Amino acid sequence: MLEIRNQATRTAPFPLATETVKGTAIAPLPPRARLSLRLRPAEAARIGSVAGLPLDRPIGTFAAHDERRALRLGPDEWLVSGPADETDELGARIAGDLAGIVHALVDVSHRNCGLAVSGAQAEAALNAGCPLDLSLAAFPVGAATRTLLGKAEILLVRVDAACFEVECWRSFAEYVRTFLVEAARGT
Amino acid sequence: MLLITCPHCGPRPELEFRYGGEAHVARPADPSALDDREWSEFLFVRNNPKGVFAERWNHAHGCQRWFNALRDTHTDAFVTTYPAGTARPDMAAEDVR
């Protein structure tokens, strides 16, 4: 008889080792808590912040507080993230801050996975597949947006002049990682 | 690459956008009062001007919001973009900078 065991272990969608090509490091990031928040802009302006994170930042930027981040992706859409072991706590805190206000808060922690791309040529490697202007003048430190990398949709965050974080859906993870490795080879 | 100015995100590459057909097509107030010809015209018949055309666009790989744009179908130049639900601005192709 087939033995069925309860195996709920999460496996990483890509190899966990950092790959460095021509000075560009492509490093898988550990799992994070991620919550997709939809809220009317007028209510967001009235509330000001959730879980200590300001909501009124310009679209296409992120706000950070300790380990937590709120990416403003659109006029009524935020992606709030934090350490993986704080998922429930973060969700409860945001829901508490928004009690009585119409909103949608969805846990998407397992949907996305992250990669850090760093090095002097990180910008060039990303531009192999991303059509945005990634110069510091057009995409400064603190910028965060949804965009494209090759055929995959990604979230691109600039955490430092020479360090980007790329988040993609889990099923695109290996495509995005190998795309960046190939792109770094061409820089 | 053609840049399209999203009313929320600013100028962005065209790859991030999807086209949504003619803008400002009003749904009939009482569809059941229409005959088949009128209903099919509402569903399928669209303007096809050579010149400035009001269109719907979606910033699919950005903020994912719908918005409207005035585009010159002859030159492919965008005259302006404006949020969904607002009236068509009174602008002509000559207003393109």
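Coordinates for the structure precede this section.
An account of the accompanying structure is given in this report. Remember, predicted model here, so these are calculated numbers, not experimental data. (Residues numbered from 1 in each chain as written. Chains lettered and ligands numbered in written order. Predicted model: local features only at pLDDT ≥ 70, side-chain atom pairs only at ≥ 80, totals over all residues. Heavy atoms only, no water.)

## Observations concerning the overall build of chain A
Then, in step 1: Scanning chain A from N- to C-terminus turns up 4 helices and 13 strands.
Then, in step 2: By the compact-globule yardstick of 16 Å for 187 residues, chain A fits well, its C-alpha radius of gyration being 18 Å.
Then, in step 3: When the backbone C-alpha atoms are referred to their principal axes, chain A occupies close to 65 × 50 × 30 Å.
Then, in step 4: On chain A, roughly 9,200 Å² of surface is accessible, and the fraction owed to carbon and sulfur atoms is 53%.
Then, in step 5: A distance of 3 Å separates the average location of the 20 positive side-chain charges in chain A from that of its 22 negative side-chain charges. (Helix = DSSP H or I, 4+ residues; strand = E, 2+ residues; numbered from the N terminus. Rg over C-alpha atoms; globule rule 2.2 N^0.38 Å. Areas by Shrake-Rupley, 256 points an atom, 1.4 Å probe, with all protein chains shown as cover. Lys, Arg positive; Asp, Glu negative; His and termini not counted. Charge placed at Lys NZ, Arg CZ, Asp CG, Glu CD.)

## Looking at the overall build of chain B
Then, in step 1: Each helix and strand in chain B was counted, giving 1 helix and 6 strands.
Then, in step 2: The linear arrangement of helices and strands in chain B, starting from the amino end, is β-β-β-α-β-β-β.
Then, in step 3: For chain B, contacts bridging at least 24 residues in sequence account for 42% of all contacts bridging at least 6.
Then, in step 4: Roughly 6,000 Å² of accessible area belongs to chain B as shown, and the carbon and sulfur atoms make up 49% of that amount.
Then, in step 5: On chain B, the mean spot of the 11 positive side-chain charges and the mean spot of the 14 negative ones are 6 Å from each other. (Contact = heavy atoms within 4.5 Å.)

## Description of the environment of Ser-49 of chain A
Residues and elements named next belong to chain A.
Then, in step 1: Relative to the helices and strands, Ser-49 resides in strand β4 (residues 49-50).
Then, in step 2: Between the C-alpha atom of Ser-49 and that of Ala-84, which follows or precedes it by 35 residues, the distance is 21 Å.
Then, in step 3: Among residues more than four places away in sequence, those in contact with Ser-49 are Pro-54 and Leu-55.

## Topic: the packing of aromatic side chains
Then, in step 1: One pass over the full model with this rule turns up 6 aromatic pairs over all chains.
Then, in step 2: Plain terms: the ring middles of Tyr-175 of chain A and Phe-179 of chain A are 5.8 Å apart, the flat faces sit at 50 degrees to each other, and that makes the pair tilted. You can see Tyr-175 of chain A and its partner Phe-179 of chain A sitting in helix α4 (residues 173-185), 4 residues apart, about one turn around the helix.
Then, in step 3: Residue class for Tyr-175 of chain A comes out partly exposed when judged on its relative accessible area of 33%.
Then, in step 4: Look at Phe-179 of chain A and you get partly exposed, because its relative accessible area is 22%.
Then, in step 5: A centroid spacing of 5.8 Å and a plane angle of 85 degrees characterise the contact between Phe-17 of chain B and Phe-67 of chain B, whose relative ring orientation is edge-to-face. Of the two residues, Phe-17 of chain B is situated in the loop between β2 (10-13) and β3 (18-22) and Phe-67 of chain B in strand β5 (residues 66-72); the sequence distance between them amounts to 50 residues. (Phe/Tyr/Trp six-rings, centres within 6.5 Å; stacked < 30°, edge-to-face > 60°. Buried < 20%, exposed > 50% of the residue type's maximum accessible area, 1.4 Å probe, protein only.)

## What about the sheet that holds strand β8 (residues 77-83) of chain A?
All names here are of chain A.
Then, in step 1: Spatially, the 5 strands line up as an open sheet ordered β6-β7-β8-β3-β9, and their pairing is antiparallel. Whereas interior strands pair on both sides, the edge strands pair on one side only; in this sheet they are β6 (62-65) and β9 (103-107). In this sheet, neighbouring strand axes are inclined to one another by 20 degrees on average, regardless of whether the strands run parallel or antiparallel.
Then, in step 2: Of the strand pairs in this sheet, strand β3 (residues 32-39) and β8 are connected by 7 bridges, and their pairing is antiparallel. Bridge pairing in β8 places Arg-38 opposite Glu-77. (Pairing = 2+ DSSP bridges. Axes fitted to C-alpha atoms, helices over the stretch in contact; angles between N-to-C directions.)

## Describing the nonpolar core
All names here are of chain A.
Then, in step 1: Counting residues in each nonpolar core, the largest one holds 27 residues, and the members touching the most others are Leu-126, Leu-156, Val-166, Val-176 and Leu-180.
Then, in step 2: Broken down by secondary-structure element, the contributors of at least two residues to this core are β10 (112-118), α3 (122-127), β12 (152-160), β13 (163-169) and α4.
Then, in step 3: Looking at this core element by element, the count peaks at 6 residues for α4.
Then, in step 4: Among residues more than four places away in sequence, those in contact with Leu-156 are Leu-126, Cys-130, Leu-134, Phe-139, Ala-143, Ala-144, Thr-145, Thr-147, Phe-164, Glu-165 and Val-166.
Then, in step 5: With 15 residues, the next largest nonpolar core counts Leu-53, Ala-70, Leu-90 and Ile-101 among its residues. (Core = buried A, V, L, I, M, F, W, Y, C linked by side-chain atoms within 4.5 Å.)

## Overview of the sheet that holds strand β4 (residues 52-58) of chain B
Residues and elements named next belong to chain B.
Then, in step 1: Read from one edge to the other, the open sheet built from 4 strands follows the order β3-β4-β5-β6, with strand pairing classed as antiparallel. At either end of the open sheet lies a strand with only one pairing partner, and these are β3 and β6 (78-83). Within this sheet the neighbouring strands show an average axis-to-axis angle of 30 degrees, counted without direction.
Then, in step 2: In this sheet, β4 lies alongside β3 in antiparallel orientation, the contact comprising 3 bridges. What sits directly across from Tyr-19, in β4, is Trp-57.

## A word on unusual backbone geometry
Then, in step 1: Non-glycine residue Ala-51 of chain A carries a positive phi angle of around 50 degrees.
Then, in step 2: Locating Ala-51 of chain A in the fold gives a position in the loop between β4 and β5 (53-54).
Then, in step 3: On the accessibility criterion, Ala-51 of chain A (1% relative accessible area) is buried.
Then, in step 4: Phi is positive for Gln-64 of chain B, close to 65 degrees, though the residue is something other than glycine.

## A look at the interface of chain A and chain B
Then, in step 1: Taken together, the contact pairs 14 residues of chain A with 13 residues of chain B.
Then, in step 2: In this assembly, chain A packs against chain B so that about 1,100 Å² is buried in total across both faces, 54% of it on carbon and sulfur atoms.
Then, in step 3: Summed over the three residues of chain A that lose the most area to chain B, namely Pro-131, Arg-146 and Leu-148 of chain A, the buried surface amounts to 39% of that side.
Then, in step 4: Our enumeration of links across chain A and chain B arrives at 1 salt bridge.
Then, in step 5: Here Arg-65 of chain B makes a salt bridge to Asp-76 of chain A, at a shortest N to O gap of 3.8 Å.
Then, in step 6: Taken together, the links from chain A to chain B amount to 6 residue pairs in polar contact (both at pLDDT 80 or more).
Then, in step 7: Listing elements by their share of the side of chain A that touches chain B, those giving two or more residues are β7 (68-74) and β11 (144-149) of chain A.
Then, in step 8: Here the side of chain A that touches chain B gets 4 residues from one element, more than from any other, and that element is β11 of chain A.
Then, in step 9: Split into classes, the residues belonging to the side of chain A that touches chain B amount to 6 nonpolar, 3 polar and 5 charged. (Buried area = accessible area lost by both parts, 1.4 Å probe. Salt bridge = Lys/Arg side-chain N within 4 Å of Asp/Glu carboxyl O. Polar contact = N/O pair within 3.5 Å; in protein donor to acceptor, adjacent residues only side chain to side chain. Nonpolar A, V, L, I, M, F, W, Y, C, P; charged D, E, K, R; others polar.)

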